Every structure is written in structure tokens, then in C-alpha cells.
Amino acid sequence: MPGTAARDGLCRLCTYLEELEAVELKKFKLYLGMATEMGEDRIPRGRMETAGPLEMAQLLVAHCGVREAWLLALSIFERIHRKDLWERGRREDLVRDTPPGGPCSLGSQPACSLEVFAGMPRKDPRETYRDHVRRKFRLMEDRNARLGECVNFSHRYTRLLLVKEHSTPLWARQKLLDTGRAHVRAGGHQASLIQMDTLFEPDAERPEPPRTVVLQGAAGMGKSMLAHKAMLDWADGRLFQGRFDYLFYINCREMNRGAPERSALDLLSGCWPEPSAPLGELLRVPERLLFIIDGFDELKPSFHDPRGPWCLCWEEKRPPELLLSSLIHKKLLPEASLLITTRPTALEKLQRLLEHPRHVEILGFSEAERKAYFYKYFGDAEQARHVFNFVRDNEPLFTLCFVPLVCWVVCTCLKQQLEGGGLLRQATRTTTAVYLLYLLSLMQPKPGSPTLQRPPNQTGLCSLAADGLWSQKILFEEQDLRRHGLDGADVSSFLNMNIFQKDINCEKFYSFIHLSFQEFFAAMYYVLDGADRAAGPERSLARLLAEYGLSERSALALTVRFLFGLLNGEARSYLEKTLGWKVSPRVQAELLEWIRGKALSEGSTLQQGALELLSCLYEIQEEAFIRRALSHFQVVVVSNMATKMEHAVSAFCLKHCTNALVLHLHGAAYRADEEEEEEEEEEEEEEEGAWQASGPQTRLAPSPERNVLPDAYSEHLAAALSTNPNLIELAFYHNALGGQGVKLLCQGLRHPNCKLQNLRLKRCRVPSSACQDLAAVLTANKNLMRMDLSSNALGLPGVRLLCEGLRHPKCRLQMLQLRKCQLEAGAGQEVASVLSSHRHLVELDLSGNALEDSGLRLLCGGLRHPVCRLQILWLKICHLTAAACEDLASTLPVNQSLMELDLSLNDLGDPGVLLLCEGLRHPQCKLQTLRLDSCGLTAKACEDLSSTLGVNQTLTELYLTNNALGNTGVRRLCRRLRHPGCKLRVLWLFGMHLSTLTHKELAALRWTKPYLDLGC
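Reference entry: report on the structure contained in this document.

Scoring rules and cut-offs
- Residues numbered from 1 in each chain as written.
- Predicted model: local features only at pLDDT ≥ 70, side-chain atom pairs only at ≥ 80, totals over all residues.
- Heavy atoms only, no water.
- Helix = DSSP H or I, 4+ residues; strand = E, 2+ residues; numbered from the N terminus.
- Buried < 20%, exposed > 50% of the residue type's maximum accessible area, 1.4 Å probe, protein only.
- Contact = heavy atoms within 4.5 Å.
- Areas by Shrake-Rupley, 256 points an atom, 1.4 Å probe, with all protein chains shown as cover.
- Phe/Tyr/Trp six-rings, centres within 6.5 Å; stacked < 30°, edge-to-face > 60°.
- Axes fitted to C-alpha atoms, helices over the stretch in contact; angles between N-to-C directions.
- Parallel < 35°, antiparallel > 145°, perpendicular 65-115°, else oblique.
- Left-handed = near helix turned anticlockwise from the far one by under 90°.
- Nonpolar A, V, L, I, M, F, W, Y, C, P; charged D, E, K, R; others polar.
- Salt bridge = Lys/Arg side-chain N within 4 Å of Asp/Glu carboxyl O.
- Expected span 1.5 Å × (residues − 1).
- Pairing = 2+ DSSP bridges.
- Polar contact = N/O pair within 3.5 Å; in protein donor to acceptor, adjacent residues only side chain to side chain.
- Core = buried A, V, L, I, M, F, W, Y, C linked by side-chain atoms within 4.5 Å.
- Disulfide = S-S within 2.5 Å.
- Right-handed = clockwise from strand over helix to strand, strands pointing away.

## Some details on the overall build of the protein chain
Summing up its helical and strand segments, the protein chain has 45 helices and 25 strands in all. By residue count, 54% of the 1016 residues in the protein chain fall in the buried class. Restricting the contact set of the protein chain to residue pairs at least 6 apart, pairs at least 24 apart contribute 80%. With the model as given, the accessible surface of the protein chain reaches about 42300 Å², and the carbon-plus-sulfur share is 50%.

## A word on the packing of aromatic side chains
For the coordinates displayed, the defined rule picks out 27 aromatic pairs. Centre to centre, the rings of Phe-365 and Tyr-373 are 5.5 Å apart; their planes meet at 35°, and the pair counts as tilted. One exposure class covers both Phe-365 and Tyr-373, and it is buried. Ring geometry for Phe-564 versus Phe-625: centroids 6.2 Å apart, planes at 80°, classification edge-to-face. Residue Phe-564 is found in helix α28 (residues 557-565), and its partner Phe-625 is found in helix α32 (residues 623-630); the two are separated by 61 residues along the sequence. A relative accessible area of 0% means that Phe-564 is categorised as buried.

## Describing the side chain of Asp-233
Of note, Asp-233 is situated in helix α11 (residues 223-235). Once you skip the residues sitting within four places of it in the chain, Asp-233 turns out to touch Arg-238 and Leu-239.

## Some points on the packing of helix α23 (residues 458-470) against helix α26 (residues 515-527)
Between α23 and α26, whose axes approach to 7 Å, the crossing angle comes to 110°. Put simply, α23 runs roughly perpendicular to α26. For the pair α23 and α26, the crossing hand works out as left-handed. Counting all contacts with α23, which are made through Leu-461, Cys-462, Ser-463, Ala-465, Ala-466, Gly-468, Leu-469 and Trp-470, the residues of α26 involved are Gln-518, Glu-519, Phe-521, Ala-522, Met-524, Tyr-525 and Tyr-526. For the contact of α23 with α26, the class distribution of residues is 11 nonpolar, 3 polar and 1 charged.

## Observations concerning the pattern of salt bridges
Tallied over the entire structure, the rule returns 29 salt bridges. For Arg-134, the salt bridge is made with Asp-131, and the minimal N-O distance between the two is 2.5 Å. On the criterion of helical spacing, the pair formed by Arg-134 and Asp-131 is a turn pair, its members being 3 residues apart in helix α8 (residues 125-137). For Arg-134, a relative accessible area of 24% translates into the label partly exposed. Of the charged contacts, one joins Glu-612 and Arg-561 as a salt bridge, the two residues approaching to 2.9 Å between their closest N and O atoms. With a gap of 51 residues between them, Glu-612 in helix α31 (residues 610-620) and Arg-561 in helix α28 connect regions that are remote in the sequence. Across this residue pair, the class does not change: Glu-612 and Arg-561 are buried.

## Considering α23
End to end, α23 covers 19 Å across 13 residues, agreeing with the expected 18 Å (1.5 Å per residue, within 8%). Turning to α23, its buried residues number three or more, namely Gln-458, Gly-460, Leu-461, Cys-462, Ser-463, Leu-464, Ala-465, Ala-466, Gly-468, Leu-469 and Trp-470. Phi for Gln-472, located one or two positions after α23, is positive at around 55°.

## A closer look at the side chain of Ser-904
As for its position among the elements, Ser-904 is in the loop between β21 (900-902) and α42 (909-920). Not counting the four nearest positions on each side in its chain, Ser-904 is found in contact with Leu-875, Lys-876, Ile-877, Arg-931, Leu-932, Asp-933 and Cys-935.

## A word on unusual backbone geometry
Backbone phi values are negative for most residues with the exception of glycine, while trans is the configuration of most peptide bonds. Even without being a glycine, Arg-765 presents a positive backbone phi close to 55°. Arg-765 gets classed as partly exposed once you look at its relative accessible area, which sits at 28%.

## Remarks on the environment of Gly-485
For Gly-485, the position within the fold is in the loop between α24 (478-483) and α25 (488-496). For Gly-485, a relative accessible area of 46% gives the class partly exposed. Each C-alpha atom of the pair Gly-485 and Leu-464 lies 9.2 Å from the other, and the pair is 21 residues apart in sequence. If we ignore the near neighbours within four places in the chain, the residues touching Gly-485 are Asn-457 and Asp-490.

## Quick notes on the environment of Arg-343
Examined against the element boundaries, Arg-343 turns out to sit in the loop between β7 (337-342) and α17 (347-351). Residues Arg-343 and Gln-216, spaced 127 residues apart in sequence, show a C-alpha to C-alpha distance of 5.5 Å.

## Considering the sheet that holds strand β3 (residues 161-164)
Across the sheet, 6 strands lie side by side as β3-β8-β4-β7-β6-β5; this open sheet has mixed pairing. Edge strands, defined here as strands with exactly one partner in the open sheet, are β3 and β5 (246-251). This sheet shows a mean twist of 20° between the axes of neighbouring strands, independent of strand direction. Pairing of strand β6 (residues 289-294) with β7 involves 5 bridges; the strand directions are parallel. Its bridge partner being in β7, Phe-291 is matched across the sheet by Leu-338. Taken strand by strand, α11 contacts β3, β4 (212-216), β5, β6, β7 and β8 (358-364), and its axis lies near 155° from that of β5.

## Brief notes about the packing of helix α40 (residues 852-863) against helix α41 (residues 882-891)
In contact at an axis separation of 9 Å, α40 and α41 are set at 5° when each is read in the N-to-C sense. It follows from the interaxial angle that α40 and α41 lie roughly parallel. Mapping the contact onto sequence places Asp-853, Leu-856, Arg-857, Cys-860 and Leu-863 in α40 and Ala-883, Ala-884, Asp-887, Leu-888 and Thr-891 in α41. The residue makeup of the contact of α40 with α41, split by class, is 6 nonpolar, 1 polar and 3 charged.

## Re the pairing of β4
Most of β4 sits inside the fold, with 5 of its 5 residues counted as buried. With burial as the criterion, each face of β4 is covered, one bearing Thr-212, Val-214 and Gln-216 and the other bearing Val-213 and Leu-215. For β4 and β7, the ladder comprises 5 bridges, and the chain directions are parallel. Paired with Val-214 across the bridge in β7 is Ile-340.

## Overview of helix α19 (residues 381-393)
Compared with an ideal rise of 1.5 Å per residue, which puts 13 residues at 18 Å, α19 spans 18 Å between its outermost C-alpha atoms and is within 8% of the ideal. Listing the buried residues of α19 in full gives Ala-381, Ala-384, Val-387, Phe-388, Phe-390, Val-391 and Arg-392. Between a side-chain oxygen at the N-terminus of α19 and the backbone nitrogen of Glu-382 the separation is 3.4 Å; the capping residue is Asp-380.

## Examining the environment of Pro-334
Relative to the elements of secondary structure, Pro-334 occurs in the loop between α16 (320-328) and β7. In the structure, Pro-334 is positioned 48 residues away from Pro-286 in sequence and 8.4 Å away in space, judged by C-alpha atoms.

## Side note on the nonpolar core
Counting residues in hydrophobic clusters, the biggest one holds 268 residues, and the most contacted among them are Phe-291, Leu-617, Leu-875 and Leu-960. Residues within four places of Leu-875 in sequence aside, it is in contact with Leu-846, Ser-847, Leu-851, Leu-856, Leu-859, Leu-880, Leu-901, Asp-902, Leu-903, Ser-904 and Asn-906. Among the nonpolar cores identified, the runner-up in size contains 28 residues, and Leu-10, Cys-14, Ala-57 and Ala-73 belong to it.

## A few points about the state of the cysteines
In this structure the tally under the stated criterion is 0 disulfides. For Cys-746, which is in no disulfide, the shortest distance to another cysteine sulfur is to Cys-771 and amounts to 9.6 Å.

## Structural notes on the pairing of strand β15 (residues 729-733)
The buried fraction of β15 amounts to 5 of the 5 residues, a majority that puts the element mostly inside the structure. Residues Glu-729, Ala-731 and Tyr-733 of β15 are buried on one face, and the alternating residues Leu-730 and Phe-732, pointing to the opposite face, are buried as well. Relative to β15, strand β14 (residues 662-667) is paired through 5 bridges, and the arrangement is parallel. For Val-662, the partnering residue across the bridge sits in β15 and is Glu-729. A crossover links β15 with its parallel partner strand β16 (residues 758-762), the connecting element being helix α36 (residues 738-749), and its sense is right-handed.

Shape is all these values report; function is a separate question.
In C-alpha cells form, the structure reads like this:
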């Protein structure tokens, strides 16, 4: 009958349209609109825009008739690259005999659906469902995609780090606001890393497989992507094979709306591709079912605290919150497994519904996976390498990229910049600049629109962001928006520009596309002029800065960095000229006053929070502002510079610190770890596309200059030396300067304006060749009095070059520290030549070098020279034996300037002390301090020391810590100390097991000589 044929045609068309992904349906509507635009049967775009598959089928049939609608649909299937549908339709050609006519009665739709499906050959239900899942999840649409644009999910997805962890609610709230500034490396979690395919497997802590796994992660961390990936991998046979027969995806946003009551049957039917789900098949083995509940934190509050009896029956219709809670609480289908994704904020509420779940946290992208994501995003290997290296140099931005959403934002911005100009601009080296660039890209005119899209109510948008920041709120209801003056048109505009995000089916909750964008607009709230700040002083800029307190762990840290960055001249110009948003002139003055207050309260010392303040100043990129901000500090100590960018930030700002007297820069051996070295070796040799390979890499020996800081770091600090005549002390600790870095720094040290007196380059990867540049500094800079080159591999070649400068008549150096510089016996001769020609050197530290007895013998030749004026000599851990003490004993009477000698941690033994005491007893010996800690001494040595103390009238300090002197030896010393002629004022005896009687003797000695410092 004609009516039946028409109904069959409508239902068949609807079935085909249901197989289209959301993006494909958008494409279908686009081509359909173009095809019907010129005809009389033009379908209104407004009706197509919101139509689902069934409504689209009805519209097509109503305007074109069944036959024409079917043929038109087939042609569009081919154009949108769904050739499988086109071929199947042509092959079956069910409409071949369908006469033209009008639409069928909508009321008979369910019956006709059953008729059509009853007549079709049925596949295995599991295969039918797998096909449906593959079609549903195989494509993804970027947040900024135009109509019809999509990418293959598997081509974009990048592996995420997962770790078994149970966070406390307090930690969870902090984690929500953490944007990666202190992102923990996976290396610290090796024992608890877990893969997707083992989520439901037993382990050492849990002998039984878990039935519930909670997958937690902050906003934008990739929770939904991971849920989609699980569905797709299961459908493709790569995940949970042999473990689960069916996986069902439940979107919590969709649960917020819809029917006021539904059953579990409705829930399953909504996941099934056909009108009736085969419940008998699905429920046959319930323990082989997995429900993925995505976005628990997005459920309405009523879901977190359901009221009423549990839902225990599949057919029973109950409110969605009770239905879902019954499933989570295992009251409904307790044998089934659950994978629940949530942000940390809802973890405490979720925990109340669970029994013994496995908690897994998404750590985001590792550094290797960040690199993989860049290559996948750009496709072109050379372009990807260029962009990745550019972003990696900006460590704060690169760190933020551990959040997958931020990684996408950065890639999107830089791709647009490359397409626009071909080069990555320096302006994008600040985090603020990249976010501002992305904001402007969102506002670019759509095709056919001549002007830039501007948010109609920027004040309300920024006010909402700030309010959410203070209340730690990331999901906003419509009433929140109205309270900040945002109406429907505003919201629509923000959604169109991807500033806001909202599920197409969710009408109640909104959020910024990522928490960091909320922080960005919150900063904008404090920057814009004329904003209505009705919130009052409790949420003022002064309160913001006070709460922040220069702590990188503060939830407000990124907001304050954005605040500084938005005051940059170029940023202000963008905001004012491009967007028409005027920046308040008072904000800069208020920030400067806040920094001045910090300086006053800390005594002109910047130490606590120094790196955080410099990071804020770096964002503004305004030299005059930075100079004024830092003019209040005379001492600056920057600690924990662990990355190249943190070093660059510090140097860039300190170049303009013109009033500082002291600068200390503490690094952390910039990226000298194996991971970085392996990565750089791989980059040098890998072929195009090799980034996809995995597996262990062979570590190659790094060259001497590998992993050193960039030249710009030393250039900036050299500029500080040449422009700041007040600077008298500059100390580098654990800064990987390398030879080139030292050379550049020495240019500043030789500048006539440089008045530096104290230079420390401790553990800075100073090579031996750099000593030539340092020697030139010693002859050119007459102000330099102290130099510390400890823990650098100088070796004999380096010391030989350095000593050339030390022997120069113009050298005025007084103190030289060469601890742990890989010096051996030959270095003794070089240093001796300096002592015999350089009258100014008064302190020398050679600790931690294997000079041995032969090297000391050479050194003593210089110590005995009449020109030598050395007062302090440190020879700790120099591999000396008792034989060395004979040379020292002969030196002590000759060198009457030597006041302090440290021989600790050398195996001198009692024979060595016996020899040494011969020199100490000589009337010409002027030594005042002797350190013999950990020298293998016993009670026998105390006999010689005791007799020496009775003769020597200059020795006032003796250190004997960690020697086995015993009770007999210590009591012998005590008897000597009680003698009125003994001049000793300090005796340290720590690290010895002494009896109660001995301690009583020491206490009595303290009583008779209260000025005596007895350490024990």
C-alpha cells in the first residue's frame, strides 16, 4: 500500500541519518541547505539547525517527497564522504518502488520502525553495537572548528599519564585551581603508574578486581577524551577484550535534563543504535558490563544527595538522580563495573556513594607526550619541531601544556600565527601574550562577516570570572550569569566565540572553556577601566594581592601573572584599539606601591617569593616598570630556578635591578637529567615521523656543553654588571653557564663600571677553557676580592690558566675557593707559584681535591716563601696521610701569617698528629685555629696535643669531632685545659661515645672556665 511504502521510506531515511556523527549531520544540513536554496521546496535553515535525525527525515519528506528525499540524501552521503551509506543505500535501494507522495503519519512511527527492523537481516548484537560505537566516537570536532570540520579521534589522541592515587578533599580543591605550575613529574610516581587496560585488574594491594574505578582530573585534563578513547578502543578490539562484553557511555550533562523520570531500560535503550535494545542478551552476564559515567562533577546538586528509596528494578521509572545513584551505589545491577570520571571538587560527594573504589588520577601529558601531541597536531614534522622547541623554551607555558586543553590552545594559537606571518614572534614568549592571541583569534570574523566579533558585555564576563575565582566556582548557572548582568545574547555570543562551553543538550550549566581562561578574564576584571566593582573591598585588587602574597602555590598565582601581563604596552593596545576595552591607568601605580610595601616590610631584601615576583614582572615586559619595581631592593636572592625559562625570567628582570648590592641565583642543574639528554640525542638523529616510536633509548655520552643555559642568560647578567655600579656581590649556585656563558659574563666583569668584589660560580659547569676568560678578569678588575669556583671540573689545565691571572701584578684577589675542582698533585706546583708571587691572597680553599702528599709537598714550597701572606688554608678531603704532616710541621714556624688550617677528613692518624705537633710547639708558629675532624685519631693523639697546648700560646680553637679519642683521651685534654696557662677557648668533641664520668669532668671544666666553648 502507498501509505505503508511511504512510512517505510521515512523510517529507512531516519535510520540512515541516525548513523551520522554529530559533525557529519552538520555537514549534511549544510549541503542540504545549499541544494534546496534555489528551489521552491527550500527547507528553512532555522528548522534544520536544531533538528535531529528523525526531524530531518520528516523535513526532507515533507518538502521533497519520499523518493526525492531519499535520492537527495544519497547524493549528500557521497559528498560528505560517507560512501558506505551511499553504497549500502544504492545496493538495497528500498525506495526504488516507492511512489512519490507526502509524508507518513508521525503517529505510526514506532510501528513502522519495528516493521523495517523486523525485515532486515540481523547481525550479532555485539557487532551491531561495536559498529555504532565506532561511528559515534571515531571523529572529534575541535572547539574552534567551523561547520563540518572534524579530525579523526585516533589521529589526535595522545596518551595520558595515569597514577593510582586517593586525594584528600583539601588537596582536591587545591588541585582544581592548580594549572601546572608545580606539576609533579611522573618519575616520582613510577611505583603507582597504571595503564588503561589494567584499571580493572587486581594488584598487590587489591587481590580482587575492583568493580568501580574513579578517574579524577582537573578541568581540561582529558577525562572525557579518555572515556571516549576507552569506548573506541573497546569497539576496535584493543581494550578490555575478554573482560567486558559491552561498554555503555553515560554523559552526566545529559542526565541533568530530559524526562523527570526514567528507568534503567531507558538508559540502555538510549545507548543502543536500534529502537529496541536486546535486554536479554545484555543482562545475561551482568558482570561483563561496564558503564562509563563521564562528568560526575557536572551533575546537578540533587544528584549528589538523592532523596527517596533506591531504584532496584530495571523497569522501574525513577528520577534520574536516584537511578544514577542506585547504579553507582551498587543497589542496581551490583555485578556490573563502573568507570566514573570527575573533577577533584566532587570527589568527597562521590566517595559517599562508593565502597572500596580504585582511585586513579590523570596527571596529564608527560614531556614526551607533549611533544607527541605537537607532532600529531601539526602533521608536518619540521613545522612541529619548530613550534615545539619554541614552546619548550618558554618553560611556564610548556609546563601549562601538561593540561591537554592548554596544549591544544597553544597549538591553535601558534598555528594561526604561523599561517598569518610564518614566524613565531617574541611577543608570544609570555603566557599572557599567548592567551591574548587566542582570545583575538576567537573574535576573528566568521565567513561573510566584515568586522571583528566583540563580546557585548565584557564587564559582566570578567566580573563573573572573578566572582567564580574567589568562591572557587567553575560551573555557573543561569542565575549566576544574570547576577552579573549577562543576558541570553551575551551568553550566545560567548558560546559562539568558544569563551564559554556548554553541552548542546544542557541548558543549565556553563563554564569557561578552561579554568585558566577563567583566571585570565578574572585578571581582566582588575585591569579594565570603568568596571562596576560592586563586590566591594573584600574582593578588591589590594585584597587579591594580599591573598596572593607572592606564593606560586597560591590559587591566585596565575591570575596575578595575567594581571601583570595585561599591563604590557602591546597588550593594552590590543585591548583598547582592537577590542575597545580601556585599561585602567591606576593599576600599574597600585602594583608598584604593593611591591614597595613588600620591600619595606622585608628590609629591602627580596628572597621569599623572589622567583614568583620576577615571573610576574617578566609577563609585563616593560623595562621602565621593572626598573621601578626592583629599585626598592638591595639584596635579591632567587632560589629554586629549576628550568631554563626560570633562569631566563630572572636574568631578564635582574638586568634592570640597578640598585641591588647583592644578587644570589640558586639553580638546580638545568635539565641535566637523562630524559633531556636522551630526548636531545633523539632529536639530532631521528628521521621524520620517528617521534611515534616508543621504547627505551640508548643514552649517549653528553658533550661538555650539553644542557647549558642559553647565551641570553649570561648576556643579561653581564649587562647588569656593566650598568649597576652598586653591585658588589654576585653568586651563582648550580647555574649551568658553560664556557660560552662564562665568556659573556666576563665581558661584564671587565667593564669599567663593574665594581664587583665577590664572585661565586659554584657548580656552574665552568670548563677548564673558561679559566682564560676569568684570568683576564683578574687582571682587569681591581675591585674583585673574592672568587669561588668550587665544584667545577677545572682540572690542571684550568688551574694553570687561572694562575696566570693570579700571578699578574694587577690582580688584587684575596680569597680563592677551588673546592672539588678535580685537581691532583700537579696543581700544587701551580698554586705554590701564586703564593710565592701574590701578596694579596690571604685565604685559599683546596678541599675535596686529590692533592695527596706529593701535591701538598709542592704547595708547602709556596707557603714557606717570604712573599706568601696566606692566613687561612682549607685542605679538607685532600687524600693526605701522616707523611704530609711532616711538610706542614716544617711550614708552620716559617709562615707566621697562617692563622687557620683545616685538615679534616684526611687519614692522618696518631702518627700524623705527632709530626704536626712538632711544628705547633715551635715558638714561631702563629696558628690560631686547627681542624682535625674525622682524621682517625685515638687517645694516643691526645697525649701529643695535650703537651702541645701546654707550650703553644697562640692556638685558641681546636676541632676534634668524630675521632675515637675515648674517655682516656678526652680526660687527658680536660686536665690540660684546666691549667691556667692553656689559651684554648674552643674545643669541639662531637661524635664520641663518652661515659657519664667524662661528661661530669667536662661540665666541671665549663664551670671553672665559662668562656670555653666545649662542643660535645
